[in-house]
Each structure stands twice: as C-alpha cells, then as structure tokens.
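Chain by chain, the residues:
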Amino acid sequence: MIYLDYAATTPVDQRVLDAMMPYFREVYGNPSSLHRLGQKAEAAVDQAREKVASVLHCKLDEIIFTSCGTESDNLALRGAAMAKRAASGEKWILTSKTEHHAVCKTAEQLEKEFGFLLEWLDMDQYGTVTPESMRKAVCNQTALASVMYANNEIGTINPIPELAEIARVNNILFHTDAVQAAAYLDLNVKKLGVNLLSLGGHKFYGPKGVGALYVRNGTKLIPHMTGGGQEYGLRAGTQNVPYIVGFAEALRLTAEEREKRIAHVKPLRDRIIGEVLETIPDSQLTGHPESRLPNHASFVFKDVDGNLLLQMLDSAGFACSSGSACKTGNPEPSEVITSLGYSRDWALGSLRVTLGVDSTPKHVDSFLKSLPELVEKARKLNQR
Ligand SMILES: *Cc1c(COP(=O)(O)O)cnc(C)c1O
C-alpha cells in the first residue's frame, strides 16, 4: 500500500514513540500527586510544555494540553465566545465555510443553541479569506473571528498575520485552527498575532488523541471541562502524560526538521500537480496554486464519482482521500469544494493527495502511472 493521505493522519515517528514509552509503566504517577512519582510525571508535562512554548514563542502558561485538535477548536470557540459575550455583550462570530467541522459545527451550534450570530466570511476562488473580506465583515458587535491557518482539504494558506491584525485593531478575538498547518508552517504566535491557536498531534507524526491550545495571556475563556485545576483551570482532567510527551517531542522535531521536510515533499507534490493537470482531461487543481501547503495536491475531475475513484485507487494500492463527505447511495459533494463555487458535476469528483516523510519518487511515479486510467474508468462508469 502506498500512503498518500498524510493530511488525514501521519504515522508516529519512532523517536516520538521512544520518548513516550517510559510514561506508561515506569513514570506512571499522576502529575497532580505530591509524591516523587507524581512529581516526575509533572516534570515531564512541564518539560513538554516548555518544548511547545519554545516552538510557539510563547509563555508556559499560554499552552493548554487537550485531547485532540477538535477539542482545542471547541475550547477556543465556545470558551472565548462565551467569555467575550459575558464581558461585552458582543454576539457576532465570523468564520468561513472552508473551516474544519470542528470549527464550523461549533460556530453553528453557538448560533443555534446559544444565541450567537454567525457570519460567513467571503472567500476568493481558492478558498482564501482575504483581508478585504475580513474588513468588510467586522462590526462593533463582533466577539470572535476564527480562520484556519491552512486548509486540510484544499491546502490553501490564509494570510493569518494580516487577518489577526484587523481583528486586533477592532478589538475582536482571533482564533486560528493550525492543526493542518503545523507540519509545515511557522508557528510563531508573536508573528501570527493571534489570541488562540489550535494544534493536534497526529498531523505531525505525533500520536492521535492529544492536542494543545495556545491562549494568549489576557484572553479569557470559559472552560468546557470543569473539575480539577489542571491546565491552569482551563481544562480539567488528569493529563495524558505519555501522549503529551509525544505531542511535544513530535512538535519539536517538526520545527527542527521543517526545512528538510519541505525540501523533500515539495518537488514530489509539484510533479503530481503538473502531471495530473497535463495528462488528465477535465481536471482542475482546487485551492491556491502557490499559497498552499508544500505536501498538498488536490483536484476535481469532471463527471467522476470521487468515492468510486478512491475505491479503485485503494484496490490498486493507493491510500488517498476525497475530502467529500459522501455516504454510500447518497453522494453529497464536500461543503468546502462546493463553497468554492464548483458545480455538482465537478465537486463530486474531488481527490486529495498528500505526501510526507516516507513518500518517495517511486511512489509518485507509480501513482501517476495508475491515476489517468482509473479516472477514465470511473468516468465511463459514471456515464452509465
Ligand atoms: C485534523 C484536523 C482537525 C481535527 O483534529 P483531531 O486531532 O483529529 O481532532 C481540526 N482541524 C483541521 C484543519 C484538521 O486538519
């Protein structure tokens, strides 16, 4: 099997796994316990927090460990929206249709169940939220804006420093979902200028089921997990010590090896984009042609059932993704692709190919050799 789905998840780096192992059976204390075994576990969590803070260029108490990227997004949106409304009465939330469900479903719930007002930010044809669309949408009742750093389905990178600056001058809290971006982009929160930033471990060779939220000092949140005083009172529950250790080591390695990893995937990615567009009729790149993640290629093929294509690719030995939330029998195009303005006959045929540390030129050769035939076959079946 050739794995081309690194945007969905990544294997755990062996060095990360090695760092985690002692915390299952040797240093298994509860970080809140006062005895030495507890203190050792607490020291491990402290050290992990230092590693994360050093990558983000922030203070230790600005890092909150969570159970995943989704939880970080939930805590950021719900926690900040509620705290801001309590303090100021502001009720408007700005976000975009290309956000991960962890953000847009949370925003929709805040509107539906909690009395907030939601405005979808305009995007350009590549799914970019531009500074102009942000400026157009802000008003003096805006509590919070949430715009992702890089998109998981179409790879587009948003101009976060510019957007965050517009939020700052208008006294609006700014959150960015950096879960997909973290593997390749700079996470310096000073440069980004955000109040809140979400991370998830399994997108950068860390374990699944662990995440972090950066909360800039002074940004008030209402916690959604109440209980013990862990994580500065913002996320109760005994910390998952081995996973937090793994998360931090994976992030440290990612920052250290970023340039090398980009240099590895980008030429492979460029070959995929170039050859697919050249050899496959009625194909288009989705997302931004330049301002996109270096490991990310995404396409739409006209009159192709994306799910069928994925099954055919799977049978041929390739693990890819569509980005479409199709259910068998009732195919619905992805909301992200649809929001870019593609008609149904294009939007249903989406394909995402994402590379990573174990991708090789051979993998890419073999994929590019197989794909045109499979698209052709899927198209024929679509016509019947
Ligand atoms: C994967 C992903 C998430 C969800 O993270 P989990 O750790 O899987 O919960 C959120 N946002 C983006 C952009 C993602 O790519």
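Residues numbered from 1 in each chain as written. Predicted model: local features only at pLDDT ≥ 70, side-chain atom pairs only at ≥ 80, totals over all residues. Heavy atoms only, no water.

Attention now moves to the sheet that holds strand E5 (residues 142–146). Strand order in the open sheet formed by 7 strands is E2-E8-E7-E6-E5-E3-E4, with mixed pairing between adjacent strands. Both outer strands of the open sheet, strand E2 (63–66) and strand E4 (117–120), are each paired with one neighbouring strand and no more. In this sheet, neighbouring strand axes are inclined to one another by 20° on average, regardless of whether the strands run parallel or antiparallel. By the bridge criterion, 4 bridges tie E2 to strand E8 (residues 211–215) in an arrangement that is antiparallel. Within the sheet, the bridge partner assigned to Ile64 lies in E8 and is Leu213. Relative to strand E7 (residues 196–200), helix H4 (residues 69–88) is tilted by about 160°, and along the sheet it contacts E2, strand E3 (92–95), E5, strand E6 (173–177), E7 and E8. Across the sheet, helix H9 (residues 241–279) is in contact with E2, E7 and E8; its angle to E7 comes to roughly 105°. (Pairing = 2+ DSSP bridges. Helix = DSSP H or I, 4+ residues; strand = E, 2+ residues; numbered from the N terminus. Axes fitted to C-alpha atoms, helices over the stretch in contact; angles between N-to-C directions. Contact = heavy atoms within 4.5 Å.)

Leu56, Phe174, Phe301, Leu313, Leu351, Phe367 and Leu371 are the most contacted members of the largest nonpolar core, which has 88 residues in total. Per element, the largest residue contribution to this core is 14 residues, and it comes from H9. Two domains each donate at least three residues to this core, and these are domain 1 (2–8 + 258–382) and domain 2 (14–256). When near neighbours in sequence (up to four residues on either side) are disregarded, Phe174 contacts Met134, Ala145, Val147, Ile160, Leu163, Ala164, Ala167, Val194, Asn195 and Leu196. Core analysis: the next-biggest nonpolar cluster, separate from the first, contains 21 residues, Leu75, Leu77, Met82 and Leu110 among them. (Core = buried A, V, L, I, M, F, W, Y, C linked by side-chain atoms within 4.5 Å. Buried < 20%, exposed > 50% of the residue type's maximum accessible area, 1.4 Å probe, protein only. Domains from an automatic or database assignment.)

Now for the domain arrangement of the chain. Per the domain assignment, the segments of the chain are domain 1 (2–8 + 258–382) and domain 2 (14–256). Taken together, the 29 residues of domain 1 in the interface contact 33 residues of domain 2. Roughly 2,500 Å² is buried in total at the junction of domain 1 and domain 2, and carbon and sulfur atoms are behind 53% of that figure. For domain 1, the biggest contributors to the area lost against domain 2 are Arg258, Arg261 and Leu293; these three give 32% of the whole. Inspection of the region where domain 1 meets domain 2 yields 0 salt bridges. (Buried area = accessible area lost by both parts, 1.4 Å probe. Salt bridge = Lys/Arg side-chain N within 4 Å of Asp/Glu carboxyl O.)

Here the focus is the pattern of salt bridges. Scanning all chains against the criterion turns up 18 salt bridges. Residue Glu249 is joined to Lys51 by a salt bridge in which the shortest nitrogen-to-oxygen separation is 2.6 Å. Residue Glu249 is found in helix H9, and its partner Lys51 is found in helix H3 (residues 36–56); the two are separated by 198 residues along the sequence. Judged by its relative accessible area of 9%, Glu249 is buried. The structure contains a network of salt bridges with shared partners spanning Asp13, Arg15, Glu257 and Arg261.

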